[in-house]
Amino acid sequence: VTAEREPVGLPWIPAYIGIGSNLDDPRAQVVRGFSALAHLRGTRLIAGSRHYRSTPLGPKEQPDYVNAVAGVLTRLDPEALLVELKRLEGELGRTQPITRWGPRKIDFDLLIYGEQRILTPSLTVPHAGIAERNFVLLPLADIAPDLLVPGLGSVRALASRAGLDGIEVLPLGS
Ligand code: PH2
Ligand code: MG
Ligand code: MG
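In this text the structure is predicted, and so the values were computed from the model without any measurement.

Conventions adopted
- Residues numbered from 1 in each chain as written.
- Chains lettered and ligands numbered in written order.
- Predicted model: local features only at pLDDT ≥ 70, side-chain atom pairs only at ≥ 80, totals over all residues.
- Heavy atoms only, no water.
- Helix = DSSP H or I, 4+ residues; strand = E, 2+ residues; numbered from the N terminus.
- Rg over C-alpha atoms; globule rule 2.2 N^0.38 Å.
- Buried < 20%, exposed > 50% of the residue type's maximum accessible area, 1.4 Å probe, protein only.
- Contact = heavy atoms within 4.5 Å.
- Areas by Shrake-Rupley, 256 points an atom, 1.4 Å probe, with all protein chains shown as cover.
- Lys, Arg positive; Asp, Glu negative; His and termini not counted.
- Charge placed at Lys NZ, Arg CZ, Asp CG, Glu CD.
- Donors = N, O, S within 2.8 Å, 3.2 Å for Na, K, Ca; no water.
- Near = heavy atom within 4 Å.
- Polar contact = N/O pair within 3.5 Å; in protein donor to acceptor, adjacent residues only side chain to side chain.
- Nonpolar A, V, L, I, M, F, W, Y, C, P; charged D, E, K, R; others polar.
- Salt bridge = Lys/Arg side-chain N within 4 Å of Asp/Glu carboxyl O.
- Core = buried A, V, L, I, M, F, W, Y, C linked by side-chain atoms within 4.5 Å.

Asker: Just to check I follow, could you spell out the overall build of the protein for this structure?
Answerer: For the protein, the count of helices and strands is 4 helices and 10 strands. Helices and strands appear in the protein in the N-to-C order β-α-β-β-β-α-β-β-β-α-β-β-α-β. Its C-alpha radius of gyration of 16 Å places the protein within 12% of the 16 Å reference for a compact globule of 174 residues. By its C-alpha atoms, the protein is 45 × 35 × 35 Å across when sized along the principal axes. The buried share of the protein, reckoned over its 174 residues, is 45%. Looking at the protein alone, contacts between residues at least 24 apart form 69% of all its contacts between residues at least 6 apart. Roughly 9,100 Å² of accessible area belongs to the protein as shown, and the carbon and sulfur atoms make up 57% of that amount. Of the charged side chains in the protein, 19 are positive and 19 negative; the average position of the first set lies 1 Å away from that of the second.

Asker: Help me understand the coordination of the magnesium ion (ligand 3) in this model?
Answerer: Each donor-metal-donor angle would ideally measure 109.5 degrees in four-coordinate tetrahedral geometry, or 90 or 180 degrees in six-coordinate octahedral geometry. Summarising the metal site, the magnesium ion (ligand 3) is bound by the protein donors Asp 107 (OD) and Asp 109 (OD), whose distances to it range over 2.2 Å. Metal-to-metal, the separation of the magnesium ion (ligand 3) and the magnesium ion (ligand 2) is 3.5 Å; Asp 107 coordinates the two. Residue class for Asp 107 comes out buried when judged on its relative accessible area of 12%.

Asker: Looking at this structure, how should I read the site of ligand 1?
Answerer: Every residue close to ligand 1 is listed here: Ser 54, Thr 55, Pro 56, Leu 57, Tyr 65, Asn 67, Trp 101, Arg 104, Asp 107 and Phe 135. Ser 54 places a side-chain nitrogen or oxygen 2.6 Å from a nitrogen atom of ligand 1. In this structure, Thr 55 approaches ligand 1 through a main-chain N or O atom, which is 2.8 Å from a nitrogen atom. When the free accessible area of ligand 1 is taken as 340 Å², the share hidden by the protein chains comes to 95%. Tallied by class, residues from the shell around ligand 1 come to 5 nonpolar, 3 polar and 2 charged.

Asker: Help me understand the pattern of salt bridges in this model?
Answerer: Close approach of charged atoms allows side chains with opposite charge to pair. A full pass over the atoms with the stated rule returns 10 salt bridges. With a closest N to O distance of 2.7 Å, Arg 41 and Glu 84 form a salt bridge. One end of the pair, Arg 41, is in the loop between α1 (26-38) and β2 (43-48); the other, Glu 84, is in helix α2 (residues 78-91), and 43 residues separate them in sequence. The partly exposed category is assigned to Arg 41, whose relative accessible area is 28%. Of the charged contacts, one joins Arg 94 and Asp 107 as a salt bridge, the two residues approaching to 3.0 Å between their closest N and O atoms. Placement of the pair is Arg 94 in the loop between α2 and β5 (107-113) and Asp 107 in strand β5, with a sequence separation of 13 residues. The two residues Arg 94 and Asp 107 agree in class, both being buried. In the salt-bridge network here, residues are joined through shared partners; they are Lys 86, Glu 89, Arg 94, Arg 104 and Asp 107.

Asker: Before we go on, may I ask you to explain the nonpolar core in this structure?
Answerer: Ranked by internal contacts, the top residues of the largest apolar core, which has 26 residues, are Ile 17, Ile 19, Leu 37, Leu 81, Leu 85, Phe 108 and Leu 110. Secondary-structure elements contributing two or more residues to this core are β1 (13-21), α1, β4 (65-74), α2 and β5. In this structure Ile 17 touches Leu 37, Ala 68, Val 69, Ala 70, Val 72, Leu 85, Phe 108, Asp 109, Leu 110 and Leu 111, once residues within four positions along its chain are discounted. Grouped together as the second largest cluster of nonpolar side chains are 18 residues, Tyr 52, Leu 111, Ile 112 and Ile 167 included.

Here's what the structure looks like:
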């Protein structure tokens, strides 16, 4: 048996990951998503938001989404974390190709990574459109209301500005 290889001597960086699903029992997919993050190498799951039902952004002829946000500490760099999130999406049964804004069984979006602002062909952090998406900001406000989104201000202020259109909290265990 070989112990899992983990980076050592690196700082633990707080990061926030959006989870979304609108296919194949979306709440169950979100729960599986949290579980997958809890087992990710070099990463500790620290906090989980409530679950939200939200009407689709993009094409309307698709099921409502269930959205949530996970707070982690990670020793992975942003690119490595992104690669792992894509790998987990595949393991959790996400099939390609997926149309832009189209339905999906599981979606992980790297929302925030420490205080970094990243703009590369593969990665935009903070996530593009975060300020307009109540299905990101409301769950994020559950676990990190005072967090400052680099360049944008506090999660609490952004969330109250984003409003409550098309979104509701799902009661626990419903
Ligand atoms: N994700 C999309 C497209 N549209 N709409 C909602 N409400 N929630 C999502 O997570 C979402 C979406 C593509 O990732
Ligand atoms: Mg997404
Ligand atoms: Mg995505």
